[in-house]
Amino acid sequence: MYLDHYGLKEAPFSITPDPRYVFLSERHRDALAHLLYGVGKGGSGGFVQLTGEVGTGKTTLCRLLLEQLPENTRVALILNPKLSPLELLEAICEELRIAIGERRGSQKALVDALNTYLLDAYAQGLRVVLIVDEAQNLSGEALEQIRLLTNLETPTQKLLQIILLGQPELRELLARPELRQLAQRITARYHLEPLDAEETTAYVRHRLAVAGLPRVPFSRLGLRTLYQRSGGIPRLINIIADRALMAGYAHEQATLGERTVQRAADEALPGHARYWARRYGRWAPLAAALLVLVALAGWWRFGHAPPPATAAPAIATAPADTAQLTPVAVVQARMAATTDSTAAAWSQLLARWQVRSAEATVAQAAQCQPVIFPGFDCLSGHGTLDQLKRFDRPLILELKPVEGQAPPATQSALLLGVGPRTVRIDYAGTVYNLARAGLDEIWDGRFTVAFRLPADVPQTMQQGDAGPGVGWVAQQLARVDGGTAASYGPAYFDAALEARVRRLQQGYGIRADGIVGPETLFALVSLGNLGPHLVRDVP
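Owing to the predicted nature of the structure, the values given are computational and were not obtained by experimental measurement. (Residues numbered from 1 in each chain as written. Predicted model: local features only at pLDDT ≥ 70, side-chain atom pairs only at ≥ 80, totals over all residues. Heavy atoms only, no water.)

Section: the packing of aromatic side chains
In step 1: Evaluated as defined, the whole model comprises 7 aromatic pairs.
In step 2: Their ring planes at 70° and their centres at 6.2 Å tell us that tyrosine 2 and tyrosine 6 sit as a pair that is edge-to-face.
In step 3: What makes tyrosine 2 buried here is its relative accessible area of 4%. (Phe/Tyr/Trp six-rings, centres within 6.5 Å; stacked < 30°, edge-to-face > 60°. Buried < 20%, exposed > 50% of the residue type's maximum accessible area, 1.4 Å probe, protein only.)

Structural notes on the state of the cysteines
In step 1: Taken as a whole, this structure holds 1 disulfide when the rule is applied.
In step 2: The disulfide bridge from cysteine 368 ends at cysteine 378, spanning 1.9 Å between sulfur atoms. With the S-S bond torsion at -100°, the cross-link from cysteine 368 to cysteine 378 turns out left-handed. Residue cysteine 368 is located in the loop between helix 17 (362-366) and strand 6 (371-373), and its partner cysteine 378 is located in strand 7 (residues 376-382); the two are separated by 10 residues in the primary sequence. (Disulfide = S-S within 2.5 Å. Helix = DSSP H or I, 4+ residues; strand = E, 2+ residues; numbered from the N terminus.)

Focus: the packing of helix 20 (residues 468-481) against helix 22 (residues 518-526)
In step 1: The geometry of helix 20 relative to helix 22 is characterised by a closest axis approach of 9 Å and an angle of 50° between their N-to-C directions. Of the possible angle classes, the one that applies to helix 20 and helix 22 is oblique. Crossing of helix 20 against helix 22: the hand is left-handed. Packed against helix 20, whose contacting residues are Trp472, Val473, Gln476 and Leu477, the element helix 22 presents Leu521, Leu524 and Val525 at the interface.
In step 2: Class assignment for the residues of the contact of helix 20 with helix 22 results in 6 nonpolar, 1 polar and no charged. (Axes fitted to C-alpha atoms, helices over the stretch in contact; angles between N-to-C directions. Parallel < 35°, antiparallel > 145°, perpendicular 65-115°, else oblique. Left-handed = near helix turned anticlockwise from the far one by under 90°. Contact = heavy atoms within 4.5 Å. Nonpolar A, V, L, I, M, F, W, Y, C, P; charged D, E, K, R; others polar.)

Details of the sheet that holds strand 7
Across a sheet, strands are paired by hydrogen bonds formed along the backbone, either parallel or antiparallel in direction.
In step 1: Overall, antiparallel pairing links the 7 strands, which are arranged 6-7-12-8-9-10-11 in an open sheet. Taken across any chain shown, the strands that pair with only one partner, and hence form the sheet edges, are strand 6 and strand 11 (430-435). Recorded for the sheet is a direction-independent mean angle of 30° between the axes of neighbouring strands.
In step 2: The sheet contact formed by strand 6 and strand 7 spans 2 bridges and is antiparallel. Residue pairing in the sheet places phenylalanine 373 in a bridge with phenylalanine 376 of strand 7.
In step 3: Packing against the sheet, helix 16 (residues 342-352) makes contact with strand 6, strand 7, strand 8 (395-399), strand 9 (412-418), strand 10 (422-427) and strand 12 (443-452), and its axis sits at approximately 45° to strand 9. (Pairing = 2+ DSSP bridges.)

Details of the nonpolar core
Burial of nonpolar side chains together is a common tendency in soluble globular proteins.
In step 1: Counting residues in each nonpolar core, the largest one holds 69 residues, and the members touching the most others are Trp346, Ile372, Leu397, Leu415 and Phe451.
In step 2: Discounting chain neighbours no more than four positions away, the residues touching leucine 415 are Leu385, Leu388, Pro394, Leu395, Leu397, Val423, Arg424, Ile425 and Leu534.
In step 3: In terms of nonpolar packing, the next biggest core, distinct from the first, is built from 36 residues, Phe47, Ile92, Val128 and Ala142 among them. (Core = buried A, V, L, I, M, F, W, Y, C linked by side-chain atoms within 4.5 Å.)

Digging into the sheet that holds strand 5 (residues 186-192)
In step 1: Within the open sheet, the 5 strands sit side by side as 2-3-4-1-5. Their pairing is parallel. At either end of the open sheet lies a strand with only one pairing partner, and these are strand 2 (73-78) and strand 5. This sheet shows a mean twist of 15° between the axes of neighbouring strands, independent of strand direction.
In step 2: Relative to strand 3 (residues 127-132), strand 2 runs parallel, the two being bridged by 6 bridges. Bridge pairing links alanine 76 to leucine 130 in strand 3.

Describing the pattern of salt bridges
In step 1: Counting across every chain of the model gives 13 salt bridges.
In step 2: Aspartate 30 is the partner of arginine 352 in a salt bridge, and the nearest nitrogen-oxygen pair spans 2.7 Å. One end of the pair, arginine 352, is in helix 16; the other, aspartate 30, is in helix 2 (residues 26-40), and 322 residues separate them in sequence. Summarising the burial analysis for this pair, arginine 352 and aspartate 30 share the class buried.
In step 3: Of the charged contacts in the structure, one is a salt bridge between glutamate 144 and arginine 147, with a shortest N-O distance of 2.5 Å. (Salt bridge = Lys/Arg side-chain N within 4 Å of Asp/Glu carboxyl O.)

A few points about the confidence of the model for the chain
Low pLDDT marks stretches whose predicted atomic positions should not be read closely.
In step 1: Looking at the chain, the pLDDT average stands at 81 and 84% of residues meet or exceed 70.
In step 2: Low pLDDT (under 50) marks residues 272-289, which in the prediction has 15 contacts with non-local residues, meaning those over four places away or in another chain. (pLDDT = per-residue confidence, 0-100.)

Regarding the side chain of serine 526
In step 1: Assignment of secondary structure puts serine 526 in helix 22.
In step 2: Those residues in contact with serine 526 that lie beyond four places of it in its chain are Phe391, Arg393, Tyr508 and His533.

Description of the environment of glycine 375
In step 1: Along the chain, the position of glycine 375 falls in the loop between strand 6 and strand 7.
In step 2: Using a relative accessible area of 14% as the deciding quantity, one classes glycine 375 as buried.
In step 3: Among residues more than four places away in sequence, those in contact with glycine 375 are Phe451, Arg452, Leu453 and Ala455.

Quick look at the structure:
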């Protein structure tokens, strides 16, 4: 009804999943990278756990995962896990198209049939993945059955990779003492948080643009209210925004402000959510801060005992046998037991740049040719941590070989964030926060990075060159120096543009020769908003 009023081609805030409207925040990219890594690990046999509140996009990420799976992958997707262990086995076999026939009703016969299938798939070079959605609904008996499936293996290889998707209750379920054997096999955890205020605005802009409306009819206060009332949960954003557009149409409003969004939220949200969001939504950050202060006061009062570990589940904790080690020693112990972490790092990096397997494989990208495929370049170099922080992009740190390990293993980690005192890395699927000094013990400055470029941008440009690539350089520089592409000619590399390039190179610690080469191209890409960035919450 409101489409013509706002100039929309279609409804932008439908809650029906549509791949065209997918918006991947930094959190969603990280979560998708964890899932892709879980599939790429193949025979490690560990579980991958993804949790998030209702409406944060777990099912959407699952759909994206299925679209990006390698061709040699076979998937059993369980959408309704409220099953007995026997029914669960039957559902898995049916998803994998295993003819169970007379085996139906016999748990042993079903496991035997599944084991035969997995061995045959392994012989053919296939990878088999079990994905369980809404996994918080699994019974304890069904979870134990799933754990036992990881025992299907060859002498050197696990045959089944398992991914559990669920609401936050899944974390509570797996924390039960009787499920500790399963919890210990979880090698990668990620909790999907709602969008923040800035991401909510970007989400709304994205959906409106896809629907054919380049401008945003919501005022600044309207967008802020939309974030406060939805809590940054995409599904609630859609519901409230759709109702607000309808109300704006009914009252012939061109701009939707705070009151319109408040009324829309009152009408659209369930009663209990409406009451609490209206009364306390805007005070949630203050309440969280007060809770932190109370926790710290309790810690100081009761013998300086640290509060229970309830930090982000993606951050690694030391296993029992290394509990007394410093964080860097934990990583070193993990490195000593890992033969090759480079594939995992590349898998994570490609996922963050949304590179599909049809474009480049992990093995192809890891060779780091100057051009991996048209529009996607690779660069290796040597730099300091502060230099890499300026680029503000996730990149691969090439780690020092582990002393005494023969032959020396290829070791790599993905740099996720750099703070004043702490560095966040992902090593072999587990996220670690290390002290800066600790990183120096395992990293000597070598790095590799891959990044997207417009296809018409050449590898090298200098004064006297012309073309659309030169125009792109000028446009990127305008983001940082305030100049415009038109000031120096959008397609001609003159002396003035060379001076701007030199200033950029000096700022990034690159050799200031005025020539746009691979390092300068990466710096120019880093000026844009497209693609992944380093996380901001590193202390």
